[in-house]
Amino acid sequence: MVRFTLNGKDVVYDGDGARTLLSWLRFSVDMKSVKDGCSGQGTCGACLVELDGKPMLSCSVKMSAMEGRTLVTLEGLPEEIRATLGRAFVAAGAVQCGFCSPGMLFRAKMLLTENPNPTRAEVTQAIRHHLCRCTGYVKIVDAIMLAAEKLRNQQPIEFSGYGVGSSAPKFEAYERAIGKPLFIGGMELPGMLHGGLHFSAHPRARVLKIDLSKAEAVPGVIRVFTARDIPGRRQVGQLVKDWDVYIGEGEITRCIGDVLACVVAEDKETADRAAELVEVEYEVLEPLTDPFAAMTSDIRVHEGGNILKETVIRYGEDISSVFAKSAHVVTERFQTQFIEHAYLELENSIAGYEDGKLTVYSQGQGIYGDRQQIADLLGLDVKDVNVKLVPAGGAFGGKEDLTCQGHAALAAYHLQRPVKVKLDRNGSIRMSVKRHPMTMEYTLGCDEEGRFTGLLARIVGDTGAYASVGGPVMERAATHAGGAYHIPNIDVESTAVYTNNVPAGAMRGFGVNQVTFAIEGVIDELCARAGFDRWQIRYLNALDQGLKTTSGHRLRKAVGLKKTLELVKDAYGDGHGVGLACGIKNCGLGNGIPELSQVRLEVTADGMIKLFHGWSEMGQGVDTVVQQMLCEYLGLATTDCIKVIVMTDSETKGGSTTASRGTFLAGKAVLEAAKGLKKDLERHPLSELAGRTYDGSYLCDWTTPADFDGEVISHFAYSFATQLVKLDDEGAIVKVRAVHDSGTVVNRKLFEGQIEGGVVMGMGYALTEDLPMEDGRITDYSFRKLGLLRANEVPEIEVVPLEIYDEDAPFGAKGVGEICCIPTAAAVAGAYRSFDGKKRTKLPMGWLKK
């Protein structure tokens, strides 16, 4: 029996003393502001509470240690303080996915109680114990400074501006800031069961026998599922159906993320404990972990061989003859690493029957793809499955693939009860896709003036055990191999190779970060050898209207690259201690793939507009963007009357939220749907239109296939950027200037926040982030050891928007989600080289000075 005080009320706890305070708060007393981001590793700060007047991570406190203590959670704060802090976070744009926000907000409260007038440096130090993967911390510091000012002066925080170009409040940002249960991990359904997964112990082994008897004997276990329980197709995949939901007896595992069994029990703790008791007899086989060895090995990861996809782009003169005529030619080899997405919200899914239909709650980046794969898995028609999107707590490409949605759906299908399957941090790192490690051999030539003459690139990417979107990632590496520059003669080969490593898939930048690191590095080498100025050679060769990208796409519109270079020239100076890199990133899948976006507007009796679309919100702000576009088009005074809903039953289709295309495609469909509503509003007030619906769609079917033999239109739009990294006299990074042409800026704060977050992600990629693996095994599952940057490691970031209007885009707005982190690692490498003269050709580079 343990007695303590929670938010001013006496509590008596009579249960398992080993239970964590975090678990008890979330699931016994419904305090959902505390979040589980690191599964008890005490790393992320999302579960912060106040214990006896001091900050404490609730995941590290056992219930047995609570006797006589005083506990306060975010829910227990005075409403005035909580509201001011929450509104400050919204006004400053500090809420992206919102998963870290309650912990940050509570840290702010404790700081401001002791120090009502802190400096930015003091705020930064206070939040250094917390991780945020989205914002880059800048807007969080802004929010706490704003809250401090308003609390001192007892002033309210007001919002203003709701149309395109404003900093309209992010949709549902206040609710996320104060910790309301918007994430799947906090959802509970009546009669809900819980699943725990048993993973393969080896990256490559034949499964001889799976013994479930000990797991099944655990009290509270309902059933254990294996491969033989799947009624439909066992293999899932976005493009290639090669990823086994379960590996069965007699079959060979392909990586340590393979699932052999799922234990379903009355509670999560029992399910996880019983999953550990599943006994598997293996014939251990040698894993294939080197992509170069895999290309020639007799061992096959998949029956079709170890080459997932080869992309070849070759045009212009023979590259050997081009180099023979060039004034300067340099060759370099570059290497990048596996890294973890490290979104703070762990993978979760709930499945159950609602209104007679199997309903799956997913945080995935493409719910229509999720629906199709789940229907195939269960042998159902898609009309018998409804997938409801629950906005994700970060994704960055890592939630495009199915993880636990299929396991939850299968269990619910058989048991006819709701089932939640939630990964812990170890399981997430083990099962989810990573950024592709690539080896890149580059040769670049130029004439005496520095004009590029030709590029030879050979790129090999380790796509791991399953396809995911490894084929398109390595294709995008090929099409962007020459970076943001016009190179008239191209010879590029890019190969995606299967291995027994954990799978690699989509991650912010989609293969372009890696090749940008390579092309910018070889340009710097060319400058070092031939004496060219690094800024001038980039400006001389920068893409512009009428010039071709590496893919052969002749740009016809909205190219602001040279202007981005002009906007960093003053900071470049003599170039010492300065790194410079340019970026280009496609918007949309392109390459001849039709891209459909549908929207429905429904006017309700209470004067609201329900906006149904098919794109996933994961912190980037697509829900807010479509609100603002509709508000602008209709001339509404506020977005408060627009409610965004995303679920497959609406049949408002959208593709996977990837390729920085949500703003463009969703926006186009919104404007089409709004035409009829706008016409009706000219004759009737909104209240008289209750019950009416307005449908709109946009189909981009005018790009050309990758193997097209004529004038190529690879993508419907591109974004461009130049980033400059500046070091101080000691070699420490002190400033990043990020100049971005992403068309019209729809939301100023969200635009800045995307870039700030992307820059910090790019810095981590350059300096510290790594996922250590050996022989197909992850050698350290510690979230702390992934090398994620914290607030006190972030320099000043100056965001400079360049609004080059795109005539095809809605209100001229293109995508910004990926381009923001593409040039960063290359710019850091260039800054380091300009400081000490040493080349950087391998990531991560480590800190020069810290």
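Above this text sits the structure in question.
A brief report on the enclosed structure follows. (Residues numbered from 1 in each chain as written. Predicted model: local features only at pLDDT ≥ 70, side-chain atom pairs only at ≥ 80, totals over all residues. Heavy atoms only, no water.)

**With respect to the overall build of the protein chain**
Scanning the protein chain from N- to C-terminus turns up 22 helices and 31 strands. What you see for the protein chain is a C-alpha radius of gyration of 26 Å, in line with the 29 Å of a compact globule of 850 residues. Expressed as lengths along the three principal axes of its C-alpha atoms, the size of the protein chain is roughly 85 × 70 × 60 Å. Taking all 850 residues of the protein chain together, the buried fraction comes to 63%. Taking as baseline every contact in the protein chain between residues at least 6 positions apart, the subset at least 24 positions apart corresponds to 79%. Looking at the protein chain as shown, the accessible area adds up to about 29,100 Å², and 48% of this sits on carbon and sulfur atoms. Taking the average location of the 94 positive side-chain charges in the protein chain and that of its 109 negative ones, the two points are 2 Å from each other. (Helix = DSSP H or I, 4+ residues; strand = E, 2+ residues; numbered from the N terminus. Rg over C-alpha atoms; globule rule 2.2 N^0.38 Å. Buried < 20%, exposed > 50% of the residue type's maximum accessible area, 1.4 Å probe, protein only. Contact = heavy atoms within 4.5 Å. Areas by Shrake-Rupley, 256 points an atom, 1.4 Å probe, with all protein chains shown as cover. Lys, Arg positive; Asp, Glu negative; His and termini not counted. Charge placed at Lys NZ, Arg CZ, Asp CG, Glu CD.)

**Remarks on the nonpolar core**
F4, F89, Y442, L455 and I459 are the most contacted members of the largest nonpolar core, which totals 169 residues. Aside from chain neighbours lying at most four places away, what touches I459 is M438, T439, M440, Y442, M474, A477, A481, V492, E493, S494, T495 and V515. If you look at the next biggest cluster of nonpolar residues, it comprises 94 residues, including A375, V385, V599 and F716. (Core = buried A, V, L, I, M, F, W, Y, C linked by side-chain atoms within 4.5 Å.)

**As for the sheet that holds strand β23 (residues 595-603)**
If you trace the four strands from one edge of the open sheet to the other, you get β25-β24-β23-β26, paired in mixed fashion. Of all the strands in the sheet, the pair left with one neighbour each is β25 (642-645) and β26 (693-700). Each adjacent strand pair in this sheet contributes to an overall mean axis angle of 20°, direction not counted. As judged from the four bridges shared by strand β24 (residues 609-612) and β25, these two strands associate in the parallel manner. From the neighbouring strand, K610 faces β25, where its bridge partner is K643. Set on the sheet, helix α19 (residues 622-634) makes contact with β23, β24 and β25; between it and β25 the angle comes to about 140°. Where helix α20 (residues 662-681) meets the sheet, its contacts fall on β23, β24 and β26, and the angle it forms with β26 comes to roughly 145°. (Pairing = 2+ DSSP bridges. Axes fitted to C-alpha atoms, helices over the stretch in contact; angles between N-to-C directions.)

**Focus: the side chain of S650**
Within the secondary structure, S650 is located in the loop between β25 and α20. Given a relative accessible area of 6%, S650 falls into the buried group. Of note is the side chain of S650, whose polar atom sits 2.7 Å from the side chain of T652. Among all residues touching S650, those that are not within four sequence positions of it are Y368, R600 and F612. (Polar contact = N/O pair within 3.5 Å; in protein donor to acceptor, adjacent residues only side chain to side chain.)

**Remarks on the packing of aromatic side chains**
A full pass over the atoms with the stated rule returns 11 aromatic pairs. Ring geometry for F334 versus Y442: centroids 6.4 Å apart, planes at 85°, classification edge-to-face. Of the two residues, F334 is situated in strand β14 (residues 328-335) and Y442 in strand β19 (residues 438-446); the sequence distance between them amounts to 108 residues. Neither residue differs from the other here; F334 and Y442 are each classed as buried. (Phe/Tyr/Trp six-rings, centres within 6.5 Å; stacked < 30°, edge-to-face > 60°.)

**A short note on the pairing of strand β16 (residues 357-362)**
Within β16, five of the six residues are buried, leaving the element largely enclosed by the surrounding structure. Two strands pair when backbone bridges link them, and strand β15 (residues 348-354) and β16 are joined in this way by five bridges, in the antiparallel orientation. Within β16, the position partnered with G352 by the bridge is T359. From the end of β15 to the start of β16, which pair antiparallel, there are two residues, and D355 there has a positive phi angle of about 55°. In terms of handedness, the path from β16 via helix α11 (residues 367-378) over to strand β17 (residues 385-389) forms a crossover that is right-handed. (Right-handed = clockwise from strand over helix to strand, strands pointing away.)

**Concerning the packing of helix α2 (residues 79-91) against helix α5 (residues 138-153)**
Contact geometry of α2 with α5 gives a least axis separation of 8 Å together with a crossing angle of 135°. Accordingly, the angle class assigned to the pair α2 and α5 is oblique. Note on packing geometry: the crossing formed by α2 with α5 is right-handed. Contact with α2, carried on its side by T84, L85, A88, F89 and A91, involves I140, A143, I144, L146, A147, K150 and L151 of α5 and no other residues of that element. Looking at the contact of α2 with α5 residue by residue, the class counts come to 10 nonpolar, one polar and one charged. (Parallel < 35°, antiparallel > 145°, perpendicular 65-115°, else oblique. Left-handed = near helix turned anticlockwise from the far one by under 90°. Nonpolar A, V, L, I, M, F, W, Y, C, P; charged D, E, K, R; others polar.)

**Quick word on a nonpolar patch on the surface**
Together, F292, M295 and I307 make up an exposed nonpolar region whose accessible area comes to about 220 Å². Residue classification places F292 among the partly exposed positions, given a relative accessible area of 37%. (Patch = residues over 30% accessible without salt bridge, like charges linked within 9 Å, V, L, I, M, F, W, Y side chains within 5 Å. Salt bridge = Lys/Arg side-chain N within 4 Å of Asp/Glu carboxyl O.)

**Overview of α2**
Along its 13 residues, α2 runs 18 Å from first to last C-alpha, staying within 8% of the 18 Å computed at 1.5 Å per residue. Turning to α2, its buried residues are R82, A83, T84, L85, G86, A88, F89 and V90. Two residues or fewer past α2, G93 is found with a positive phi of approximately 75°. (Expected span 1.5 Å × (residues − 1).)

**Some words on the sheet that holds strand β20 (residues 452-464)**
Taken in spatial order, the five strands make up an open sheet running β13-β21-β20-β19-β14, and their pairing is mixed. A strand with exactly one partner marks an edge of an open sheet, and here the two such strands are β13 (307-315) and β14. Shown here is a sheet whose adjacent strand axes are inclined to one another by a mean of 5°, direction ignored. Contacting β14, β19 and β20, helix α15 (residues 512-530) runs over the sheet at an angle of about 140° to β14.

**Re the environment of A530**
When you line up the elements, A530 lands in helix α15. A C-alpha to C-alpha distance of 20 Å links A530 and G573, two positions 43 residues apart in sequence.

**Concerning the environment of V421**
If you trace the backbone, V421 turns up in strand β18 (residues 419-422). By relative accessible area, which is 0% here, V421 ends up buried. C-alpha of V421 to C-alpha of A351: the two residues are 70 residues apart in sequence and 8.8 Å apart in space. In contact with V421, not counting residues within four places along its chain, are G195, L197, C262, E347, N348, S349, C404, H407 and A408.

**Focus: the side chain of T5**
One can find T5 in strand β1 (residues 2-6). The residues touching T5, leaving out its near neighbours within four places in the chain, are D10, R69, T70 and L71.

**Details of α11**
Residue pairs spaced three or four apart in an α-helix point in one direction, given the helix's 3.6 residues per turn. Between its first and last C-alpha, α11 extends 16 Å over 12 residues, near the 16 Å set by a 1.5 Å rise per residue. Summarising burial for α11: nine of the 12 residues are buried, a large majority. Among the residues making up α11, those that are buried are I367, Y368, D370, R371, Q373, I374, A375, L377 and L378. Looking at the buried positions of α11, the neighbouring elements they touch are β9 (235-236), β16, β17 and α12 (405-415). The first or second residue beyond α11 is G379, which carries a positive phi of 70°.

**Details of the packing of α15 against helix α22 (residues 824-836)**
Running from N to C, α15 and α22 cross one another at 25°; their axes reach a closest spacing of 8 Å. Taken together, α15 and α22 sit at an angle that is classed as roughly parallel. Remark: the crossing between α15 and α22 carries right-handed chirality. Each of T516, F517, E520, G521, D524, E525 and A528 in α15 lies in contact with α22, whose residues at this interface are A825, A826, A829, G830 and R833. Counted by class, the contact of α15 with α22 contains five nonpolar, three polar and four charged residues.

**Structural notes on the pairing of strand β28 (residues 733-741)**
For β28, the buried fraction is high: seven of the nine residues fall into the buried class. Pairing geometry for strand β27 (residues 717-727) and β28, over eight bridges, is antiparallel. Pairing of K726 across the sheet is with K735, part of β28. The antiparallel hairpin formed by β27 and β28 contains five residues in its connecting segment, where G731 sits at a positive phi of about 95°.

**Some words on the pattern of salt bridges**
Evaluated as defined, the whole model comprises 62 salt bridges. Ionic pairing is found between K109 and E50, a salt bridge with its closest N-O pair at 3.0 Å. Here K109, found in helix α3 (residues 101-114), pairs with E50, found in strand β3 (residues 48-51); they are 59 residues apart in sequence, far enough to count as distant. Per residue, the accessibility class of K109 equals that of E50, and both read buried. The partner of E354 in a salt bridge is K388, and the shortest N-O contact between them spans 3.2 Å. On the criterion of sequence distance, the pair formed by E354 in strand β15 and K388 in strand β17 is long-range, its members being 34 residues apart. A relative accessible area of 23% means that K388 is categorised as partly exposed. The network of salt bridges with common partners includes E332, E525, R529, R833 and K839.

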